[in-house]
Amino acid sequence: MVFFQWFIAQIPNVYSVVDIEGRVVASFGYQEWIYLSLSLLLSVIYFCFLGITSPSKNYGTVWRYDDQHNWPGDRCREGGKRQSPIDIKTTDVIKDFNSLFIKYGNLKFVGYKKVLLSAINNGLTIQFTTDGDETIHPTITGGPLKHNYRLEQMHFHWISEHSLNGIKFPMEIHFVHVQSDLSVDEALMKRDGLAIIAVFCEVQADLDDYENTPVDEIIEHLPNLTSTGDRMSGILLDISKLLSPKNNNYFTYAGSLTSPECNEVVIWIIYQYPIRISDTQYRQFSKISAGRHNFRSQQRLSQHVVFTPPSNHVNKPHLVMFFENVVNLVADFFRNVTTYMKKELRSR
Ligand SMILES: [Zn+2]
C-alpha cells in the first residue's frame, strides 16, 4: 500500500484550477483519477460480493437452516429460558383444571373462511401473508390468549419442528398472529406479543388423489411458487379448513420464534391431531426450491410448561400404556391373592 501511494505520488497532476490572479486553488490529475477509479473498482467488487450473500438475494434473510450455530440473535445462539421448538411429552403435559395458563375459555376464531392473501417463495418456505387493512384480518382469542391476535402470515415447515412423544410429522403449518393493538415490532418486544397456531400434517398414502383434503386450495398455487422469489397476490383462501376440527385438543406453552432472532414472545397453540394430505400433495412441496429441511433443531427444556385444556383426552404413548398395564396386572394379581387368602382364612 505504501509503495502504491509512493507510486501515485510520482505521477504529476495534469489539470489545475486557477483563480483570476493565476493562483492554483485546486489540482486534479492522474493521482485523483487513479484513486477514484480504484475506489470505484473496490466498490463494484464489494457490492458484487454482497450480492452473493445479501438479503436481497434471500428475500430478507441472512441465515440458513443448515447453519443454525451462526444465526443472528443471542437467543438463537446461546439459548434462553423458553426456546422453541420442543418435543412435547404427553405424560408431562398439565391438564389445566385450575386455569393456570388456559384462563380465557374456548379458542375463538373469527374471519378464517375467506382470507385475502399474497404468497411468496422466500427461499426458506412458502409464506402466505394477509393482505388489506389490518382490521379485516382474521383474529383469534380465548384459550391461553388474553388479547385479540390478528393473523399476519402462515408458512410451512417440512418436516415438522415440534414433535409429540419424540415423533415428528412430515409437515407443520404455522399461523403467525400478532397482538391486534400492536405493530409487529412492538409485538416482538412483548412476552405474549405473538400467538402461533401450529397444525401438523400427516401423509396418507392410501388417500386417493380425487379425495378432497384441507390443503387442496394451497396446492393449486404451488406450481407458481416453485422458485425462490416467485410471488402471487390476490389469493382467496378458506383457512378454517386447515385448522383442526377438534378445537379444544391442543397443547399450549410460552415459547419463542423458531427463526432469527428467536425472540421469546410466542404463545404456542399446537393442535394434537394432524390434518391429512396425500402423498402427491406432499411431493409437490419437495419440488419447491426452498430448503428441503426447513426446521429449527429442537431446544433444551428449561422453563417450558406445556398445558392442555381439561376437556382434552390426551393420547398416551405406547410405552407409558405398556407400563401402566404391567402395574395394573401386578396390582390385580396381588388383589386376587389377597382376596383368595381372605377367603381361605374365612373358610377355615
Ligand atoms: Zn414457522
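Source: prediction; values computed, not measured. (Residues numbered from 1 in each chain as written. Predicted model: local features only at pLDDT ≥ 70, side-chain atom pairs only at ≥ 80, totals over all residues. Heavy atoms only, no water.)

## What about the overall build of the protein?
Which entries qualify depends on this criterion: Under the scheme used here, helices are H or I runs from DSSP no shorter than 4 residues and strands are E runs no shorter than 2 residues, and both carry numbers assigned from the N terminus. Accessible area is worked out with a 1.4 Å probe on protein chains only. A residue is then buried under 20% of its type maximum, exposed over 50%, and partly exposed in between. Any pair of residues with heavy atoms lying within 4.5 Å of one another is described as a contacting pair. To measure how exposed things are, a 1.4 Å probe is used in the Shrake-Rupley method; for residues, cover is taken only from the protein chains shown.
Across its full length, the protein holds eight helices and 17 strands. Looking at the protein residue by residue over its 348 residues, the buried ones come to 41%. Counting only contacts in the protein whose residues sit at least 6 apart along the sequence, the fraction spanning at least 24 positions is 73%. Carbon and sulfur atoms make up 58% of the accessible area of the protein, which amounts to about 20000 Å² in all.

## A closer look at the packing of aromatic side chains
The relation between two aromatic rings is expressed through the spacing of the ring centres and the mutual angle of the planes. Formally: Under the pairing criterion, centres of Phe, Tyr and Trp rings, with the six-membered ring standing for Trp, must be within 6.5 Å; the plane angle then separates stacked pairs below 30 degrees from edge-to-face pairs above 60, leaving the rest tilted.
Scanning the entire structure with this criterion turns up nine aromatic pairs. Ring geometry for tryptophan 63 and tyrosine 65: centres 5.2 Å apart, planes at 80 degrees, overall edge-to-face. For the pair shown, tryptophan 63 and tyrosine 65 are each scored as buried. Between phenylalanine 156 and phenylalanine 285, the aromatic rings sit 5.1 Å apart at their centres with planes inclined by 45 degrees, giving tilted as the arrangement. Of the two residues, phenylalanine 156 is situated in strand β9 (residues 145–157) and phenylalanine 285 in helix α7 (residues 279–286); the sequence distance between them amounts to 129 residues. We classify phenylalanine 285 as buried; its relative accessible area is 1%. Clustering of aromatic rings is evident, with ring pairs tying together Phe128, Phe156, Trp158 and Phe285.

## A word on unusual backbone geometry
Cis geometry marks the peptide bond from serine 84 to proline 85; its omega dihedral reads 5 degrees. For proline 85, the location among the structural elements is in the loop between α4 (74–78) and β3 (87–88). Notably, serine 99 is not glycine yet its phi reads approximately 50 degrees, a positive angle. When you line up the elements, serine 99 lands in the loop between β4 (94–95) and β5 (104–110).

## Thoughts on the coordination of the zinc ion
Stated precisely, the cut-off is as follows: Donor criterion used throughout: N, O or S atom within 2.8 Å of the metal, extended to 3.2 Å for Na, K and Ca. Water excluded; incomplete-looking sites may result.
The zinc ion binds to the protein through His155 (NE2), His157 (NE2) and His174 (ND1); the donor distances cover 2.0 to 2.1 Å. Spacing between the donor residues of the zinc ion along their common chain follows H-x1-H-x16-H. One end of the pair, histidine 157, is in strand β9; the other, histidine 174, is in strand β11 (residues 171–179), with 17 residues separating them in the sequence. Residue classification places histidine 157 among the buried positions, given a relative accessible area of 3%.

## Concerning the nonpolar core
Within soluble globular proteins, side chains that are nonpolar generally end up buried alongside one another. Stated precisely, the cut-off is as follows: Put simply, a nonpolar core is a bunch of buried Ala, Val, Leu, Ile, Met, Phe, Trp, Tyr and Cys residues held in one set by side-chain atoms that sit within 4.5 Å of each other.
Grouped together as the largest cluster of nonpolar side chains are 44 residues, with contacts concentrated most on Phe128, Phe156, Phe175, Ile239 and Leu242. The greatest single-element share of this core, amounting to five residues, is contributed by β9. When near neighbours in sequence (up to four residues on either side) are disregarded, phenylalanine 156 contacts Thr125, Ile126, Phe128, Met171, Glu172, Ile173, Ile218, Phe285 and Asn294. Among the nonpolar cores identified, the runner-up in size contains 22 residues, and Ile86, Leu164, Val176 and Trp268 belong to it.

## Some words on the side chain of threonine 258
Quick note on the threshold: We call two N or O atoms a polar contact when they sit within 3.5 Å, provided that within protein one can donate a hydrogen and the other can accept it, with sequence-adjacent residues counted only if both atoms are side-chain atoms.
Mapped onto the secondary structure, threonine 258 falls in the loop between β14 (250–255) and β15 (266–271). Within the structure, threonine 258 has its side chain in polar contact with the side chain of glutamate 161 (distance 2.6 Å). Beyond its immediate chain neighbours, meaning those up to four positions away, threonine 258 contacts Trp71, Ser84, Pro85, His157, Glu161, His174, Trp268 and Arg296.

## Points about empty space enclosed by the protein
Using the following cut-off: Only protein atoms enter the 1 Å grid used here, on which a cavity is any set of points holding a 1.4 Å probe that cannot leave and a pocket is any open set flanked by protein within 12 Å on both sides along at least five of seven lines; residues with an atom within 4 Å of a point are listed as lining. Grid points are joined across faces, edges and corners, and a volume is the space filled by probe spheres set on the points. Polar here means any residue outside two lists: the nonpolar Ala, Val, Leu, Ile, Met, Phe, Trp, Tyr, Cys and Pro, and the charged Asp, Glu, Lys and Arg; Gly therefore counts as polar.
One pass over the full model with this rule turns up one cavity of 30 Å³ or more. In this structure, the largest cavity encloses a volume near 30 Å³. Lining the largest cavity, in full, are Pro214, Glu217, Ile218, Leu237, Asp238, Ile239 and Leu242. Classifying every residue of the lining of the largest cavity gives five nonpolar, no polar and two charged.

## Some words on the pattern of salt bridges
If charged atoms from side chains of opposite charge come close, those side chains can pair. Condition: Whenever a carboxyl oxygen of Asp or Glu lies within 4 Å of a side-chain nitrogen of Lys or Arg, that contact is scored as a salt bridge.
Within the structure shown, the criterion is met by nine salt bridges. A salt bridge links lysine 190 to aspartate 192, with the nearest nitrogen and oxygen atoms 3.7 Å apart. Under the relative-accessibility criterion, lysine 190 is labelled partly exposed at 29%. Connected via shared salt-bridge partners are Glu134, Arg150 and Glu152.

## Considering the confidence of the model for the protein
Let me state the cut-off plainly: pLDDT is defined as a per-residue confidence score from the predictor, taking values between 0 and 100.
Of the residues in the protein, 70% reach a pLDDT of 70 or more, and the chain-wide mean stands at 81. With pLDDT under 50 throughout, residues 42–58 is counted as low confidence; its partners more than four residues away or in other chains account for eight contacts.

## Describing the pairing of β14
The cut-off we apply is this: Note: two strands are recorded as paired if DSSP finds a minimum of 2 bridges between them.
With respect to burial, β14 is a largely interior element, six of its six residues being buried. Bridge count for β14 against β15 is six bridges, and the pairing is antiparallel. Residue tyrosine 250 lies in a different strand from β15, and its bridge partner there is tyrosine 271.

## Comments concerning the environment of serine 278
Tracing the backbone shows serine 278 in strand β16 (residues 275–278). On the basis of relative accessible area, serine 278 is assigned to the buried category, the value being 4%.

## A look at α7
Counted only if it meets this: What the arc covers is the set of directions going from the helix axis to the C-beta atoms.
Those residues of α7 lying buried are Gln281, Gln284 and Phe285. Viewed along the axis of α7, the buried residues span an arc of 100 degrees, placing them on a single side of the element. Against β9, β11, α6 (216–221) and β16 lie the buried residues of α7.

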